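Spelled out from the first residue to the last, the chains are:
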Amino acid sequence: MGPMMAAYGCVPSVSGLSHELDRIHDVLASRLVKELKALLTISRNITDQAPLIQAACQLIELLPESLQVKVQLLNWFILRQLGEYKELFEPSQTSAWLDKIDHRYAWLRTNLPPLERKLQVLFPTEWHVSEQLLVEFCRITKTDLEVVMKRRQAEMTHNLLIFGLQRTLAFETSLNKMYTNSFLSESDPDVIVHLNEAPTTKRSQSHNPFDDDTDNTETSPTRANRACPVNDGHKVKSEDNKDAGGTMLWRKQPFDGIISRLVEIYVSVTSH
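Residues numbered from 1 in each chain as written. Predicted model: local features only at pLDDT ≥ 70, side-chain atom pairs only at ≥ 80, totals over all residues. Heavy atoms only, no water.

1. Points about the overall build of the protein chain
For step 1, the next point in the chain: Across its full length, the protein chain holds 10 helices and four strands.
For step 2, the next point in the chain: Moving toward the C terminus, one meets the helices and strands of the protein chain in the order α-α-α-α-α-α-α-α-β-β-α-β-β-α.
For step 3, the next point in the chain: Within the protein chain, contacts between residues separated by at least 24 positions form 68% of all contacts whose residues are at least 6 apart in sequence.
For step 4, the next point in the chain: Just so you have it, the protein chain exposes about 15200 Å², and 52% of that area is on carbon and sulfur atoms. (Helix = DSSP H or I, 4+ residues; strand = E, 2+ residues; numbered from the N terminus. Contact = heavy atoms within 4.5 Å. Areas by Shrake-Rupley, 256 points an atom, 1.4 Å probe, with all protein chains shown as cover.)

2. Concerning the packing of helix 7 (residues 129-151) against helix 8 (residues 158-178)
For step 1, the next point in the chain: Taken N-terminus to C-terminus, the directions of helix 7 and helix 8 make an angle of 170°; their axes are 13 Å apart at the nearest point. By the angle between their directions, the pair helix 7 and helix 8 is classed as roughly antiparallel. Residue-level contacts link L134, F137, C138 and M149 of helix 7 to L161, F171 and L175 of helix 8.
For step 2, the next point in the chain: Per-class residue counts for the contact of helix 7 with helix 8 are seven nonpolar, no polar and no charged. (Axes fitted to C-alpha atoms, helices over the stretch in contact; angles between N-to-C directions. Parallel < 35°, antiparallel > 145°, perpendicular 65-115°, else oblique. Nonpolar A, V, L, I, M, F, W, Y, C, P; charged D, E, K, R; others polar.)

3. Section: the confidence of the model for the protein chain
For step 1, the next point in the chain: Summary statistics for the protein chain give a mean pLDDT of 79 and a share of 67% for residues scoring 70 or more.
For step 2, the next point in the chain: Within the protein chain, no element has a lower average pLDDT than helix 9 (residues 221-225), which sits at 37, and none a higher one than helix 5 (residues 83-88), at 97.
For step 3, the next point in the chain: Here residues 182-205 is modelled with pLDDT under 50, and outside its nearest four sequence neighbours on either side it reaches 53 contacts, counting other chains as well.
For step 4, the next point in the chain: For residues 213-239, every residue scores under 50 in pLDDT, and the model assigns this stretch 61 contacts once sequence neighbours within four places are set aside. (pLDDT = per-residue confidence, 0-100.)

4. Some thoughts on the pattern of salt bridges
For step 1, the next point in the chain: Tallied over the full model, the rule gives seven salt bridges.
For step 2, the next point in the chain: In this structure, the salt-bridge partner of D99 is K100, at a minimum N-O distance of 3.6 Å.
For step 3, the next point in the chain: Residue class for D99 comes out partly exposed when judged on its relative accessible area of 38%.
For step 4, the next point in the chain: As a salt-bridge pair, R167 and D102 come within 4.0 Å of each other at their nearest N and O atoms. (Salt bridge = Lys/Arg side-chain N within 4 Å of Asp/Glu carboxyl O. Buried < 20%, exposed > 50% of the residue type's maximum accessible area, 1.4 Å probe, protein only.)

5. Focus: the packing of aromatic side chains
For step 1, the next point in the chain: Taken as a whole and assessed by the stated rule, the structure comprises eight aromatic pairs.
For step 2, the next point in the chain: With centroids separated by 5.1 Å and ring planes inclined at 40°, the aromatic side chains of Y85 and F89 adopt a geometry described as tilted. Each member of the pair, Y85 as well as F89, carries the same accessibility label: buried.
For step 3, the next point in the chain: The rings of Y85, F89, Y105, W107, F137 and F171 are connected pair by pair, giving a single aromatic cluster.
For step 4, the next point in the chain: Residue placement shows R152 over the ring face of W97; its charged tip is 4.2 Å from the ring centre. (Phe/Tyr/Trp six-rings, centres within 6.5 Å; stacked < 30°, edge-to-face > 60°. Lys NZ or Arg CZ within 6 Å of the ring centre and 35° of its normal.)

6. Some points on the packing of helix 4 (residues 69-81) against helix 7
For step 1, the next point in the chain: At their nearest, the axes of helix 4 and helix 7 sit 10 Å apart, and the two run at 60° to each other. Classified by the angle between their axes, helix 4 and helix 7 sit oblique to one another. Seen along the crossing, helix 4 lies across helix 7 with a hand that is right-handed. Counting all contacts with helix 4, which are made through L74, I78, L79 and Q81, the residues of helix 7 involved are V129, Q132, L133 and E136.
For step 2, the next point in the chain: Tallied by class, the residues present in the contact of helix 4 with helix 7 amount to five nonpolar, two polar and one charged. (Left-handed = near helix turned anticlockwise from the far one by under 90°.)

7. So, the side chain of S130
For step 1, the next point in the chain: Tracing the backbone shows S130 in helix 7.
For step 2, the next point in the chain: The residues contacting S130, other than those within four sequence positions of it, are E116, L119 and Y179.

8. Observations concerning the nonpolar core
Generally speaking, nonpolar side chains in soluble globular proteins are found buried as a group.
For step 1, the next point in the chain: Counting residues in hydrophobic clusters, the biggest one holds 60 residues, and the most contacted among them are L98, F123, F137 and M149.
For step 2, the next point in the chain: Those elements that place two or more of their residues in this core are helix 2 (12-40), helix 3 (50-62), helix 4, helix 6 (101-122), helix 7, helix 8 and helix 10 (260-270).
For step 3, the next point in the chain: Counting residues per element, this core draws most heavily on helix 7, which supplies 10 residues.
For step 4, the next point in the chain: If near-sequence neighbours (up to four positions away) are discounted, M149 is found in contact with W97, L98, M156, L161, L262, V263 and Y266. (Core = buried A, V, L, I, M, F, W, Y, C linked by side-chain atoms within 4.5 Å.)

9. Things to note about the environment of V71
For step 1, the next point in the chain: Looking at the secondary structure, you find V71 in helix 4.
For step 2, the next point in the chain: When its relative accessible area of 41% is taken as the criterion, V71 is described as partly exposed.

Structural data, given as structure tokens:
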């Protein structure tokens, strides 16, 4: 309806209707966000409110994208879910240091399954809330690690960095097991911005990237054999990904380097 209104914007009556429609959209967006935040902050039995929340999400889909209602709502919701993590691993905390980096990933391992079950009930699948939450977790982790590593640079040793890098590469590999249809933005390669399809999973019931930690995921032999591994990507098992000589090609995976790239920089410095 917007383009039609714009085409006849010079007609006073149409222009008035267009402004009135914009006002209605603004009021509806404001009320939807307010009511959804109230529903999503219920501490107990939040899934009982799923029908109301899903209905509100459907209304949001009908609003103009320019209002960015969905973006604002999900940003607020995701940051709320990660509030405890940010507090526990804030750069001034002892738990924020590299020797406890696996505690960060253990926090997600513990908290993701129940949160994922809640997300599957509350939000439309095509909103990809789980993926957006994981990306934000990685962004927060990288940002906080950068702060603490700069503050305590004198305390860093090569062995400590290798420990942190190995744990982080394993974490990124776990994420790549589950979210194989994402691609990285060319303008910001550290952020996953879109998914072509719903995530490819080994179990339709769960998107938890840690459920199959015992699976063997092949990684680049270049990375495995280097003293200072570099995120070159993972092997893609497909006949379409071989060169003319039949050699398996390597393709960058969505979460490759999203955190580890930062640690690799320091590893390279301490290696010289």
